[in-house]
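Given next are the chains, with one letter for each unit.
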Amino acid sequence: MTDTPLAIQPRPRSVHDVLFAPSTRGVLIAASKNPDAKLTFIVTPPAGVYPSGPLGPVAVKIPATAAAGGAVEHEGRVLVQLHAAQLGTIADTLPRYVETVDSDGLPALVSTALRGTPMSVGYNHWLHTARPARVAEDFALAGGWLRRFQAATAGERTRFDWAADVCDSLRKRWPAHPQLDAALVRLTSADHQLSSHLARRTAVHGDYWFGNLLVADGTISGVVDWEGGASDGWPLRDLVRFALSYSLYLDRHTRPGHRVLGHRGLRRDGFAPGITYALLGQGWLPELVRSFLCNGLTELGLPPDLWYHAAVTGIGEVAALANNDAFGAAHLGLLAGLSPSTTPHDRQEGLMRP
């Protein structure tokens, strides 16, 4: 009796086949330090690497942990789902899934690279965030792309229970945290206001902050890093995330205790004073943030006076979903200490809180 020879299985395509193919050129553009850390390379592969023809530069995202591997695998699925939908010309601003390759037993994502400079580059230029015209342009670009994306992916109207979802996630993430109850009071109030309305669900990016927006020729040329994305979700997630993240880092280049240039009444003191300032303060930046949120709500067919409840819910979502525990806990504390409303008295009280 002779043994039946086993079929030889082809070796899975490796990330090394992409990064180290002859004549490949590339550069490391990102190396995160989060629990789901990843390395991201932009690579220009030589002809023949992809039989379907040259793609131009590709982005290769390599996970360092199993959690990171799950994140990039999810991103690949989201990109496939989005490009299967009828997105029109806005599809050109989304990376396209190319393949998933093996990286020491973990999945690495290969997608097309998009042209443009991250909005974060301009944001960090000296006095950029102190100049109303430049900041207004950033908000206009982000809001314009988001309106097109949401219009292209809008579904049926349904009960708006985003805040209730965040409450559930917050309880699971921080079950014994001393500030959980106070934070849930804020979210329950927001849910009472938001859930009385119907809203269209859309595709969402999930981490729509200025570092993930690419700008070229005065437009948003690309939106990258879709690890938190979904083909069906609550569109206010992205609207609020941009406003909060833009406000969060206003004091990045200011020494502790000093006034933030261009923003009267804002000092670098405690965690995220820029968010409290944007939501409860007075000045051109708070007015811009509130206008951005109100306009976004109106575009979605929701009352603009829900802007504060939407912002509160967005803070809670960061506290619930942040992949860094310290960052999430800081947002939980911020939420717990926020004013329950936006009357002038509450604004002053909120600004004095740490």
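It should be noted that the structure appears before, not after, this text.
Reading guide: rules and limits
Residues numbered from 1 in each chain as written. Predicted model: local features only at pLDDT ≥ 70, side-chain atom pairs only at ≥ 80, totals over all residues. Heavy atoms only, no water. Pairing = 2+ DSSP bridges. Helix = DSSP H or I, 4+ residues; strand = E, 2+ residues; numbered from the N terminus. Axes fitted to C-alpha atoms, helices over the stretch in contact; angles between N-to-C directions. Contact = heavy atoms within 4.5 Å. Buried < 20%, exposed > 50% of the residue type's maximum accessible area, 1.4 Å probe, protein only.

Caption draft 1: Examining the sheet that holds strand E5 (residues 106-112) more closely. On the basis of which strands lie adjacent, the open sheet formed by five strands has the order E1-E2-E3-E5-E4 and antiparallel pairing. At either margin of the open sheet sits one strand with a lone partner, and together these are strand E1 (25-31) and strand E4 (97-103). When the angles between neighbouring strand axes are averaged without regard to direction, this sheet yields 25°. Relative to E5, strand E3 (residues 58-63) runs antiparallel, the two sharing four bridges. Pairing of Val-60 across the sheet is with Val-110, part of E5. Across the sheet, helix H2 (residues 66-84) lies against strand E2 (38-44), E3, E4 and E5, angled at about 35° from E5, the strand it touches most.

Caption draft 2: Inspection of unusual backbone geometry at higher detail. Here Asp-217, not a glycine, exhibits a phi torsion of approximately 55°, which is positive. Looking at where Asp-217 falls in the secondary structure, it is placed in the loop between strand E10 (213-216) and strand E11 (219-223). Accessibility expressed as a relative area gives 68% for Asp-217, which makes it exposed.

Caption draft 3: Seen up close, the sheet that holds strand E6 (residues 117-118). The strand order E6-E10-E11 describes an open sheet built from three strands, whose pairing is antiparallel. The open sheet terminates on both sides in strands that have one partner only, identified here as E6 and E11. As defined by bridge partners, E10 adjoins E11 across four bridges and the pair is classed as antiparallel. Paired with Val-215 across the two strands is Ile-220, which belongs to E11. Sheet contacts for helix H4 (residues 132-153): E10 and E11; angle to E11, the most-contacted strand, approximately 60°.

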